[in-house]
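Take a look at the letters that make up each chain.
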Amino acid sequence: HSRESFFPDGALKEISPSYHIFQTWHVRDARMLAARYGFPLDASVGSGLARHASFLKSVTDGGGETVVLEDGYPVRTAQFLASLGIPSVQIGGEERAFFPDTGIAVLRRNGFFLLFDASPFTGRASHYHAGKNAIVLWARERPFLVDSGCCSYDDELFTTWYRLGQAHSTLLVN
């Protein structure tokens, strides 16, 4: 699962940070269970888990939650990162990260958090909405530009709207 569902740079191919944490959770738990019960596990699982965690830490916004992209929703990351031995995000800290396979760039500096999503279209069956080229900006640890995220799929009007570029924090051309 770790090799098939994630890009080499560590991000889940569905490119939804909130789903990324759940899939990374499965990989973490599989590693823990294999260790506990003595099952052999390919060594690449550990290095893959480290890449998955690195991506997760990078896409943690100024409020300590996963960035909302596509049909995602915010999920607190500190406890999960701690379960992997990774300290939580330092909100005032500095980071520059680029995930080339995923097409996501992150800059965290002086209380600002900027994320640009230039990720590829991964297919209609994924968690993709029309939010490509999305910009997420937190200024002084407060949200300034955020993506609309997920809605209730029970209402057809909402579902139709949230799959349009206009419903997302993205650049629209023509």
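As a reminder, the structure under discussion sits directly above these lines.
Quick summary incoming for the structure in this document.

Rules used throughout
- Residues numbered from 1 in each chain as written.
- Predicted model: local features only at pLDDT ≥ 70, side-chain atom pairs only at ≥ 80, totals over all residues.
- Heavy atoms only, no water.
- Pairing = 2+ DSSP bridges.
- Helix = DSSP H or I, 4+ residues; strand = E, 2+ residues; numbered from the N terminus.
- Axes fitted to C-alpha atoms, helices over the stretch in contact; angles between N-to-C directions.
- Contact = heavy atoms within 4.5 Å.
- Buried < 20%, exposed > 50% of the residue type's maximum accessible area, 1.4 Å probe, protein only.
- Phe/Tyr/Trp six-rings, centres within 6.5 Å; stacked < 30°, edge-to-face > 60°.
- Core = buried A, V, L, I, M, F, W, Y, C linked by side-chain atoms within 4.5 Å.

**Describing the sheet that holds strand β5 (residues 142-145)**
Taking strand neighbours across the sheet as the criterion, the 5 strands line up as β1-β2-β3-β4-β5 in an open arrangement whose pairing is antiparallel. Bordering the open sheet on either side are β1 (95-99) and β5, each of which pairs with just one other strand. Between one strand axis and the next, the sheet turns through 10° on average, direction left out of account. Bridge count between β1 and strand β2 (residues 104-109): 5 bridges; the pairing is antiparallel. Along β2, the bridge assignment pairs Glu95 with Arg108. Packing against the sheet, helix α3 (residues 44-58) makes contact with β1, β2 and β3 (112-117), and its axis sits at approximately 125° to β1.

**Thoughts on the pairing of β2**
Residues Ile104, Val106 and Arg108 line the buried face of β2, whereas the alternating positions Ala105, Leu107 and Arg109 sit on a face that is not buried. Hairpin remark: β1 followed by β2, antiparallel, with 4 residues in the connecting loop; positive phi at Gly103, about 80°. Pairing of β2 with β3 involves 6 bridges; the strand directions are antiparallel. When the sheet's bridge partners are listed, Ile104 is paired in β3 with Asp117.

**A look at the packing of aromatic side chains**
Enumeration according to the criterion identifies 3 aromatic pairs in this entry. Consider the rings of Trp25 and Phe80, whose centres lie 5.5 Å apart with planes at 25°: the pair is stacked. In this pair, Trp25 sits in helix α2 (residues 17-37) while Phe80 sits in helix α4 (residues 78-83), placing the two residues 55 residues apart along the sequence. Pairing Phe55 with Phe99 gives two aromatic rings, centres 4.9 Å apart and planes at 80°, and the pair type is edge-to-face. Pair noted here: Phe55 is in helix α3 and Phe99 is in strand β1, with a separation of 44 residues, a long-range link. For the pair Phe55 and Phe99, one class covers both residues: buried.

**Description of the nonpolar core**
With 16 residues, the main nonpolar core has Leu69, Ile104, Phe113, Leu115 and Val136 as its most contacted residues. Within the residue set of this core, elements represented by two or more residues are β1, β2, β3 and β4 (134-139). Among the elements that make up this core, the one with the highest residue count is β4 (3 residues). If you look at the next biggest cluster of nonpolar residues, it comprises 12 residues, including Leu49, Val75, Phe80 and Leu81.

**Here's the deal with the pairing of β5**
Relative to β5, β4 runs antiparallel, the two being bridged by 3 bridges. Considered in β5, the bridge of Leu137 is made with Leu145. In sequence, β4 turns back onto β5 through a hairpin of 2 residues, with Arg140 there showing a positive phi of about 50°.

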